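Geometric and topological summary
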Amino acid sequence: MSYLSLLTKMREYFASGATQSVEFRKQQLQRLRDEILKNEQAINEALYQDLHKSPEEVWVSETGLVVGEINVALKQLDAWVKPRRVRTNLLNLPSSSSILPEPLGVVLIIAPWNYPFQLLLNPLVGAIAAGNCVVLKPSEYAPATAAVMKKIIEAVFDSSYIAYVEGDGASVVPSLLESFRFDHIFYTGSTTVGRIIYKMAADQLTPVTLELGGKSPCVVEADASINVAAKRIALAKWNNAGQICVAPDYILVHASVRDSFLQELKKVILNFFTENPATCGHYGRIINSKQFDRLVSYLKDGSIYHGGHYDREQLYIEPTLLTEVAIDSPIMQQEIFGPLLPVLSYNSFEEAKSIIARNPNPLAFYVYTENRAHEKAWLQQVPAGGACVNNSIFHLLNHRLPFGGRGTSGVGAYHGKYSFDTFSHQKSVLRTPTWPDPALKYPPFKGKLNLLKKLIG
Ligand code: NAD
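If you're wondering where the values come from, they're calculated on a predicted model, not measured in any experiment.

On to a nonpolar patch on the surface, then. A surface patch of nonpolar side chains, amounting to about 520 Å² of accessible area, comprises L37, W59, V60, L235, F394 and L397. Relative to the helices and strands, L37 is located in helix 2 (residues 22–38).

Right, dumping it as structure tokens:
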């Protein structure tokens, strides 16, 4: 079927009103959850094949996340869809005012390869909850996971409701957009491709959500609990071999605790991943040789304090700490998106701030400190999509927090109710009784200026 006929069928299906009822939406979410759980083993195997993820990691960061998002939507959908009453201004009395969330229509969701399952299906949950028809475009770089997701989606949904479209993004996405005007595009991936999508969407005045990347800084203050900081940073950084959009990209550690922090971090890496992470069974692999070569080329940008071993055939790169890294070296220019961690030291707040300001508006910002005043100063002075104090990446696991970037790290946010809002239009509704119907509001207006001034302004 051509894209045009597929999308025309989807438009007709949406227009039929089939997706409007809350019962329908809940049923679809339940069926999706059941099918995911039925395929849990296949999902685990696929993610092991694509990225060497362990079943525990898959549950926490992929399958469980989507199942949790579905459960939240099922529990709260009745409340989310309710029109929200707001007060009415004097001029409009005795009307009543409310905000009615309505589905956007037919939307496109495009996902990357690093969390290929949840980054495609988590937004889908919000889109279904809000009553939309959806075209899903998975990443072509995680083919085993893409194949399982296709099976799940096609088992649960008719393609006129939820369609699964695969292929090379650079040709598939423009073809889709040439055929059709989507009502929303939800894109997760690199900032470079995000710009391309934004331009294509602008041509059709299509609204977008862009979940992009960037260099997320992590500050370790002199008064931080070094042991806790090391454990939490290691957990966040080497999950999925560092291929996480919100991974701490580089560390800024206060010069007075630099050595003790480095020693502790090395100790933690050995505890978490053993002397030989290649054989520990729960350490990830790089997605492909292109990314592998890019990452290995960064090894020369600093001195290797720990790690540095790699194996191209296995797409394996050891958790690696780099010191003596120049701030204008290539590793400090682009998002690393892999298991290399530059550790830079700073002496003053201003010095650290000026390093962060070289890559403004990161997707996440992390600070480790025991001092509330320092914490406040950092949060106020580093604009970022999200932030954690004495933690890293876990903010994204709370569905009550909106997840998204700002500036070059993204436009818009989602998770939980925020996903529902992202895929809904907030329609303002004014309801006016036919009586009373004062003559004041109708022409002629001569002589009514003073009264109008009292009512308006
Ligand atoms: P990518 O931009 O290469 O690909 C993402 C998707 O875009 C894929 O489905 C791909 O097919 C499609 N695509 C590729 N080229 C295209 C083009 N020219 N036109 C239209 N579509 C195209 O991204 P990636 O390498 O797959 O992902 C890594 C990046 O994603 C990193 O920068 C990371 O920080 C970011 N990311 C962000 C989040 C977030 O939630 N903010 C999550 C994960 C990854």
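Read on for the rest.
Right, let's get into unusual backbone geometry. For the bond running from L93 to P94, omega is 10°, close enough to zero to count as cis. Residue position: P94 is located in the loop between strand 1 (84–86) and strand 2 (96–103). With omega at 0°, the peptide bond leading from P443 into P444 counts as cis. By secondary structure assignment, the location of P444 is in the loop between strand 18 (424–431) and helix 15 (449–455). Of note in the backbone geometry, L205 takes a positive phi value of approximately 50° without being a glycine. Along the polypeptide, L205 turns up in the loop between helix 8 (191–203) and strand 7 (208–211).

This paragraph deals with the sheet that holds strand 7. The strand order 5-4-3-6-7-17 describes an open sheet built from six strands, whose pairing is mixed. Taken across any chain shown, the strands that pair with only one partner, and hence form the sheet edges, are strand 5 (162–164) and strand 17 (410–411). Here strand 3 (residues 106–110) runs beside strand 6 (residues 184–188); their pairing, made up of four bridges, is parallel. Opposite I109, over in strand 6, you have F186 as the bridge partner. Sheet contacts for helix 6 (residues 143–156): strand 4 (133–137) and strand 5; angle to strand 5, the most-contacted strand, approximately 150°.

The rules behind the values
Residues numbered from 1 in each chain as written. Predicted model: local features only at pLDDT ≥ 70, side-chain atom pairs only at ≥ 80, totals over all residues. Heavy atoms only, no water. Patch = residues over 30% accessible without salt bridge, like charges linked within 9 Å, V, L, I, M, F, W, Y side chains within 5 Å. Areas by Shrake-Rupley, 256 points an atom, 1.4 Å probe, with all protein chains shown as cover. Salt bridge = Lys/Arg side-chain N within 4 Å of Asp/Glu carboxyl O. Helix = DSSP H or I, 4+ residues; strand = E, 2+ residues; numbered from the N terminus. Pairing = 2+ DSSP bridges. Contact = heavy atoms within 4.5 Å. Axes fitted to C-alpha atoms, helices over the stretch in contact; angles between N-to-C directions.

Keep in mind that these numbers describe shape and distance, not what the molecule does.
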